[in-house]
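Chain by chain, the residues run as shown.
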Amino acid sequence: MLSDSGSSASPGTIPVTLTVNGQERRLRVAPWTTLLDLLREELDLTGTKKGCDHGQCGACTVIVDGKRINSCLALAVQKDGARVTTIEGLSSGSLHPVQAAFLEHDAFQCGYCTPGQIMSAVALIEEGRARSRDEIREHMSGNICRCGAYANIVDAVEDVLKGKSSSRSSSVREAAE
Amino acid sequence: MATPSRYVGTAQSRQDGPAKVTGAAKYAAEFTAPDLAHGVVVSSAIAKGRITAIDTRAAEAVPGVIKVLTHENKPRTAWLDYNYRDQVAPPGSPFRALNGPEIVYGGQPVALVVAESFELARHGASLVKVTYDEEVPNTDLEKNRGAAYVPPKKRSGIKPPPDPRGDAAGAFDKAPIQLRQEYRQAIEHHNPMEPHASTVVYEGEGKLTIHDKIQGVNNTQGYVCGVFNLKPDDVRVITPYVGGGFGSGLRPQYQLYLAVAAALDLKRSVRVVLTRDQMFTFGYRPETVQTVALGADRDGRLQALTHDAVAGTSTFEDYQEAVVNWSGLLYHCPNVTLDYKLAKIDTYTPSDMRAPGAVTGIFALESAMDELAYATGVDPLELRLRNYAERDEGEGKDFTSKALRAAYEQGAARFGWSKRKAEPRAMRDGRELVGWGMATGVWEAMMMQSSASATLMPDGKLELACSTADLGTGTYTILSQIGADALGLDLDRVTTRLGDTALPEAPLAGGSWTAASSGAAVQAACRKVAETLFGYARGMADSALANADFAHVTFADGEIRLQTDPSRKVGIADAMRAGGVATVEATETVKPSMLTAMRYSAYTHSAVFAEVKVDEELGVVRVTRVVSAIAAGKILNLKTARSQILGGVVMGIGAALEEESMLDHNLGRIMNHNLGEYHVPVNADIHDIEVIFVDEHDDKVSPLGVKGLGEIGIVGAAAAVANAVFHATGKRVRELPITIDKILA
Ligand code: FES
Ligand code: FES
C-alpha cells in the first residue's frame, strides 16, 4: 500500500509528501486512507487515537500547519505538503509544558483521549482565544474525555496559559506553527 | 514489622502518566505483527429473524481481501454453553458470534471481512450482501412488564433482594404520609473512548499472544481456551493499558471471538477493531422501571418502604444487578419489601456499567426521599439524618465502618447547604432559576482473592506484578506506593507491571475491589520479602539485629532498623549479600475474611450536593457546582482518588441530563449510535466539582482498610441533580435523563 521509495507502490496509490514531526516523509498513499490511519497504521505513530472515526470525539487531534484538526476527517492525500505534529513530536527529552501540566494536574485517567486533549490544548493556547476557565471549557469541548477528567484538564491548561502570559513557551509556539 | 506511611495516603502523580502524555502507552489495537491482517465486522441490519442468504462473492473478489467469515464457514468451536461462560457471565446461553443464521438483536455481527489493510477490509465489508427473513422485534420494556419474572437462577456475586422485614403494605396503609411513584432509568452505553479491539498475534504451532480490550486478562484467556479448546500455556494475554472500561470490558466481547477465529483459521495474526456505532451492539446499562412507596410519620420518619424494579435483559441471558437492595440498608425502617424482576427483550444482554444497579436504584430511592422531604416540610438533609441507619437492617449486621454522618456534615458545610431556601423556585441568578439538591450514595466494599509478586532486584529496585488492569483507576501507582512503604524505598525505585496472564493472577478490575484486593496481595508479598531479608540480616556474623524480632524492625532508606534503637541496623544490600542472593522474590495470595463477611456489612458511602441553574425558557440545565463527600475507608493516593470521584460525578451528570440510547421499537435498533447523538458530558458541561474524603478508619473491611472508589462517585449524583432541578423549577422529573423536552413539558 505504501512505501518510502515508491518503487513497489500498488497502482491505486498517490505520491504524498508530509513533514511529520519535523521529518520529511515521501509516501505513496491510497486515496481512501485518512491521515489518522496513515499515522497509526503505516507510520506507527499510535499516539494519535481513534475514538469514533467520525469527527465526534477529538481523540485523533493533531496539528496540521499550525491548526488543530481531527485527523480522522482528513484524507492523507489532501494534506500533501503539510506539516503535521503529533503527540510523539511534541517533546524530545523533557516534557512539553502542556504534557507536564497534564501529569501534574492528573488531567487524565485511562489516557486514551489524552494525546488529543494535549494537542488541542497546545493549539488552543497558541490561538490565544482562551483567557477564562469558561473559554477553556468551551474551546476544549471538541475533545471528549469519558473518564471525566475535565476539571483537571481546565486546571492544566489554565496553568500553562498563566505561565505563558509572562514568557511564552517556545516549544508551544513551535508545535503550533 | 512497622510500615510507616511515606507514600500511602499522599498525592502522587501517576506512574503510567509519562507514557500516556507522550503517546507511548500502547492499547489493544496498537500492537502489531509482521503478518497482521485486519478484520472488519459486518453488523446485522435487522433485530430479529434469520439470514436467508449471505453473498460474500463481491467482497472476496476484491484483491487484498483474504477471507470472509460467516456462519456458513466459521471454524468449529466448543459445543457447550459452559465453554463460553466467562468469569462474570450471568445465567443463560452466552452469545456466540456467527453461530447460525438466527438474528437475535440489532447490530449482531453477521460476518467478518479479513483483508491486508483496514481500508480493504472496510470496503469488503460494504460489499457483503445479506438477505433476511425479518420478524417483528420485541424491544419495548413497557410492553413486556406484565411478563416480568424473578430470575430463576441467581447470578453469581449478585445478592438477590433480602427477604421482607415487617409488614410494608400494612404499615404503608397506616402511615400518615404516603408517597408512591414510578421512576425510570434509560438505557446507557459505556462508550469508553477506546473502542473495543483485539489484536491476536499468531505465534505458530497454535500459540497465540492476544492484546484484548479487557478489564482482566485472565478472563480473556479462560474464554479463548474454553471456546477454542486451547491450553492456557498456549494463550498469553497482554493488555498493559485499557482506554476506559466502566464495565464494558469485564466480559470478552465478540471482536475477540472473531479475531481469534480468523487467526486460527488463517494461521496468521489478525486485528479486529469495532467502530463507534458497533460499540452500541453489546452490553449496556439496562432500562429499568421502578416503583418506590414510602410511608412515613409527619416528621418524616420512615414506617414503610417498598421498592420494586423491572429491568430489561436479553432473550438468552438473565443479566442481574443489585437495584433495590440499597433501599433495605440505607435507612432505618421497620417494614421493608424489595422486589427485582426481569423482562426479556430482543437486545444484547446488558452488562455491568459503573456502579451497576446502584446508579439506577439510588436514583429512585433518593428522588423519593426528596419527595418525602417536601411532603413533610423537613429539610432533605435533616430527613436523611432522622432516618440514619446505624446497622444494615436488611442483613441484620453491623457495618465494618460508616462515616456517612461526617460526609453529610462536611459536604453540607462546604456546599453552604444551610443557606438553602426551602421552597422550590425561591432562588434565582438573573434569568436562571437556581436549585440545590442532595442525595446519598452507597456501594458495596468488596475484596476478592488476589495474588501478587514482589521482586527486589540486585540494584535495590522493587518490581511488583499482578495480572489486574489499570483502566485509568490509578492501580499502577497505588500498588507502587504500597510496595515503597512496605520496604521503605523511594517511590521512584518501585515499578508495577499489570495486565499480563504471565503475572500472578488477580481478579477482574471491577466492582471497586482492586485496591483492596491487589493492594493487600502486594503488601503480603512485600512482607514476605521483608521477612526473608530480615532472616539474612539476623544471620549475619555479628549482626546488629542478632537478637531482634521481626515485629520490632522497620524498613527505611534501604535499611532494616530496630524501631527502639535505629542505630542498630543492617543495609538491605548487605543482607542480600549475606544471603548469597541476587534477588529476593515472593508471591502471595490473599483472600477476604469469611468471618468478617458473616459478621459485618461493608459499604462505601457518599453525600452528594448539587447546584443547578435552569433557563426556564430554553429548558437548559447547567450543573454549576457539585460537592461530593466520600466515606471510603483509607485513601491510598489523594490525587488519583480525587480523579476517580470526579470521573464518577461527571458520568453521573451524564446520566442525569444527557445519556440515553434510544431504541426504535419498530426496527428494534438503537437510533443514536454515535457520539454526536448519544450525548456524554463535554468540557463545557462540567463546572466546579469538589471532592471531600472524610476520615473513616476501618480495620475489618480489608487488610489495608481500603474500600474502593471506582463506583461510589457516580452513585447518587443523578439523584442530587434531579432533586436540584425540582428545587429550581418545582418540576419533578422521574425519568432519566432530564432532557430539555421534559423541563419544557
Ligand atoms: S476519531 Fe477523529 S474525532 Fe473521533
Ligand atoms: S482519560 Fe480516559 S477518556 Fe480521557
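Numbers given to residues run from 1 along each chain, matching the order in which its sequence is written. Both sets of labels track the order of writing: A upward for chains, 1 upward for ligands. Predicted model: local features are reported for residues with pLDDT of at least 70 only, side-chain atom pairs are reported and counted for 80 or more only, and whole-chain, interface and lining totals are derived from all residues. In computing side-chain values, all of the structure's heavy atoms are included and hydrogens and water are not.

In the annotation of an unreviewed UniProt entry, chain B is listed under the name Aldehyde oxidase and assigned to Methylobacterium platani.

In the nomenclature of an unreviewed UniProt entry, chain A corresponds to (2Fe-2S)-binding protein from the organism Methylobacterium platani.

**Student:** I'm lost on the overall build of chain B in this one. Help?
**Tutor:** Runs of E in the DSSP output that reach at least two residues are strands. Runs of H or I that reach at least four are helices, and both are numbered from the N terminus. If you tally the helices and strands in chain B, you get 17 helices and 31 strands. C-alpha extents for chain B along the principal axes are approximately 85 × 75 × 50 Å. Working definition: with a 1.4 Å probe on protein chains only, accessible area under 20% of the residue-type maximum means buried, over 50% means exposed, and in between means partly exposed. Taking all 745 residues of chain B together, 65% fall into the buried category. Here, residues are in contact when the closest pair of their heavy atoms is within 4.5 Å. For chain B, contacts bridging at least 24 residues in sequence account for 80% of all contacts bridging at least 6. Accessible surface, chain B as shown: approximately 25,800 Å² in total, 50% of it carbon and sulfur. The convention is simple: Lys and Arg are positive, Asp and Glu are negative, and His and the chain ends are not counted. For the purpose of locating charges, the reference atoms are NZ of Lys, CZ of Arg, CG of Asp and CD of Glu. In chain B, which carries 77 positive and 90 negative side-chain charges, the distance between the mean positions of the two groups comes to 1 Å. Under the convention used here, a 1.4 Å probe and the Shrake-Rupley method define accessible areas, while residue burial counts only the protein chains that appear.

**Student:** What is the right way to read the packing of helix α11 (residues 475-487) of chain B against helix α12 (residues 514-539) of chain B from this model?
**Tutor:** Residues and elements named next belong to chain B. In this analysis, axes come from line fits to C-alpha atoms, helices being fitted only over the stretch in contact, and the angle between any two N-to-C directions falls in the range 0 to 180 degrees. Interaxial distance between α11 and α12 falls to 9 Å at its minimum, and their mutual angle equals 30°. Of the possible angle classes, the one that applies to α11 and α12 is roughly parallel. Between α11 and α12 the crossing geometry is right-handed. For the pair α11 and α12, contact is made by T475, I478, L479, I482, G483, A486 and L487 and by T514, A515, S518, G519, V522, Q523, C526, V529 and A530, respectively. The residue inventory of the contact of α11 with α12, partitioned by class, reads 10 nonpolar, six polar and no charged. Put simply, angles under 35 degrees are roughly parallel, angles over 145 are roughly antiparallel, angles from 65 to 115 are roughly perpendicular, and the rest are oblique. Crossings are classed by handedness, with left-handed meaning an anticlockwise turn of the near helix from the far one by less than a right angle and right-handed meaning a clockwise turn. Under the scheme applied, nonpolar residues are Ala, Val, Leu, Ile, Met, Phe, Trp, Tyr, Cys and Pro; charged residues are Asp, Glu, Lys and Arg; polar residues are all the others, including Gly.

**Student:** Please explain the domain arrangement of chain A as it appears in this structure.
**Tutor:** Size of an interface, as often reported, equals the accessible area lost when the parts are brought together. Residue and element names in this part refer to chain A. Domain borders in the structure are assigned automatically or taken from a domain database. Looking at the assigned domains, one finds that chain A contains domain 1 (2-89) and domain 2 (97-168). Distance between the C-alpha centres of domain 1 and domain 2: 24 Å. Taken together, the contact between domain 1 and domain 2 spans 16 residues of the former and 17 residues of the latter. Buried area: the accessible surface (1.4 Å probe) lost by two parts on joining, summed over both. Between domain 1 and domain 2 lies a buried interface of about 1,200 Å² when both sides are counted; carbon and sulfur atoms form 57% of it. When a carboxyl oxygen of Asp or Glu is within 4 Å of a side-chain nitrogen of Lys or Arg, the pair counts as a salt bridge. For the salt bridge of R68 with E127, the shortest nitrogen-to-oxygen distance reads 2.9 Å. We call two N or O atoms a polar contact when they sit within 3.5 Å, provided that within protein one can donate a hydrogen and the other can accept it, with sequence-adjacent residues counted only if both atoms are side-chain atoms. Our enumeration of links across domain 1 and domain 2 arrives at eight residue pairs in polar contact (both at pLDDT 80 or more).

**Student:** Help me out: how do you make sense of the pairing of strand β27 (residues 603-615) of chain B in this one?
**Tutor:** Along a regular strand, successive side chains alternate from one face of the sheet to the other. All names here are of chain B. Most of β27 is tucked away: 13 of the 13 residues are buried. Pairing between strand β18 (residues 432-444) and β27: 13 bridges, direction antiparallel. Counted as the bridge partner of E432 is D615 from β27. In sequence, β27 turns back onto strand β28 (residues 620-631) through a hairpin of four residues, with G619 there showing a positive phi of about 75°. When DSSP locates at least two bridges between a pair of strands, those strands are taken to pair.

**Student:** Would you take a moment to explain the packing of aromatic side chains for this structure?
**Tutor:** To describe a pair of aromatic rings, one takes the distance between the centres and the angle between the planes. Aromatic rings from Phe, Tyr and Trp, with only the six-membered ring used for Trp, were paired whenever their centres fell within 6.5 Å, and each pair was classed as stacked if the ring planes differed by under 30 degrees, edge-to-face if by over 60, and tilted otherwise. Evaluated as defined, the whole model comprises 22 aromatic pairs over all chains. Ring plane angle 80° and centroid distance 6.3 Å describe the contact between W326 of chain B and Y603 of chain B, whose orientation is recorded as edge-to-face. You can see W326 of chain B sitting in the loop between β13 (302-313) and β14 (335-344) and its partner Y603 of chain B sitting in strand β27, a full 277 residues away along the chain. Residues W326 of chain B and Y603 of chain B agree in their burial class; the two are buried. Put simply, the rings of Y112 of chain A together with Y27, Y241 and Y476 of chain B pair up and form one aromatic cluster. Positioned above the aromatic ring of Y600 of chain B is the side chain of K700 of chain B, whose terminal nitrogen or guanidinium carbon lies 5.1 Å from the ring centre. In our convention, an over-ring charge means Lys NZ or Arg CZ found within 6 Å of a ring centre and within 35 degrees of that ring's normal.

**Student:** What is the right way to look at the domain arrangement of chain B in this model?
**Tutor:** Residues and elements named next belong to chain B. Each assigned domain of chain B is listed here: domain 1 (17-24 + 447-591), domain 2 (31-136 + 193-244 + 249-280) and domain 3 (146-188 + 284-446 + 598-744). Taken over C-alpha atoms, the centre of domain 2 sits 36 Å from the centre of domain 3. Taken together, the contact between domain 2 and domain 3 spans 24 residues of the former and 23 residues of the latter. Of the roughly 1,900 Å² buried where domain 2 meets domain 3, counting both sides, 60% is carbon and sulfur surface. Among the residues domain 2 hides against domain 3, the three largest losses belong to P90, P91 and F280. Together they make up 31% of the total.

**Student:** It is not clear to me how helix α10 (residues 404-415) of chain B should be interpreted in this structure. Could you clarify?
**Tutor:** Residues and elements named next belong to chain B. A helix is expected to span 1.5 Å multiplied by its residue count minus one. With 12 residues, α10 should cover 16 Å at 1.5 Å per step; its first-to-last C-alpha distance of 16 Å lies within 8% of that length. Taken residue by residue, α10 has L404, A407, Y408, G411, A412 and F415 as its buried positions. Viewed along the axis of α10, the buried residues span an arc of 115°, placing them on a single side of the element. Facing away from the buried side of α10 by over 90 degrees, the exposed positions are E409 and A413. Tucked inside the fold, the buried residues of α10 contact α9 (380-386), β18, β27, β28 and β31 (688-693). Positive phi shows up at G416, right after α10, with a value of about 85°. Think of the arc as the fan of directions from the helix axis to the C-beta atoms.

**Student:** Explain the confidence of the model for chain A to me, please; I cannot follow it from the model alone.
**Tutor:** Atom-level detail of predicted coordinates should not be read off regions where pLDDT is low. Residue and element names in this part refer to chain A. The predictor attaches a confidence to each residue, called pLDDT, with possible values from 0 through 100. This prediction gives chain A a mean pLDDT of 89; 86% of its residues lie at or above 70. A low-confidence stretch, residues 1-11 (pLDDT under 50), is modelled with 21 contacts involving residues beyond four sequence positions or located in other chains. pLDDT under 50 marks residues 166-177. Its contacts with residues more than four places away, or in other chains, come to 24 contacts.

**Student:** Whenever I open this one, the interface of chain B and chain A confuses me. Can you help?
**Tutor:** Listed as interface residues are 59 residues of chain B and, on the opposing side, 48 residues of chain A. Carbon and sulfur atoms make up 55% of the surface buried where chain B meets chain A, a total of about 4,300 Å² over both sides. Where chain B touches chain A, the interface holds seven salt bridges. Linking chain B with chain A are 27 residue pairs in polar contact (both at pLDDT 80 or more).

**Student:** Where do I start with the sheet that holds strand β10 (residues 235-237) of chain B in this structure?
**Tutor:** By definition, the strands of a sheet pair up through backbone hydrogen bonds, in either a parallel or an antiparallel sense. Residue and element names in this part refer to chain B. Pairing within the open sheet is mixed, and its seven strands lie in the order β3-β5-β1-β11-β8-β9-β10. In the strand order of this sheet, the two ends are held by β3 (65-70) and β10, each with one partner. Each neighbouring strand pair of the sheet contributes to a mean axis angle of 20°, computed without reference to strand direction. The pairing of strand β8 (residues 197-204) with strand β9 (residues 207-212) spans six bridges and is antiparallel. Bridge pairing in β9 links Y202 to L208. Sitting on the sheet, helix α3 (residues 118-127) is in contact with β1 (37-43), β3 and β5 (109-115), with an inclination near 25° to β1.

**Student:** Would you mind showing me how to read unusual backbone geometry here?
**Tutor:** Trans peptide bonds make up most of the peptide bonds, and negative phi angles are found at most residues other than glycine. Going from L736 of chain B to P737 of chain B, the amide bond is cis rather than trans, its omega being -5°. Positionally, P737 of chain B belongs in the loop between α16 (717-729) and α17 (740-744).

**Student:** Help me out: how do you make sense of the pattern of salt bridges in this one?
**Tutor:** Pairing is possible between side chains of opposite charge, provided their charged atoms come close. Residues and elements named next belong to chain B. Inspection of the entire model under this criterion finds 65 salt bridges over all chains. Across the pair E182 and R145 runs a salt bridge, and its minimum N-O distance is 3.2 Å. Of this pair, E182 sits in strand β7 (residues 177-185) while R145 sits in the loop between α4 (141-144) and α5 (168-174); the two residues are 37 residues apart in sequence, bridging distant segments of the chain. For E395, the salt bridge identified is with K397, shortest N-O distance 3.3 Å.

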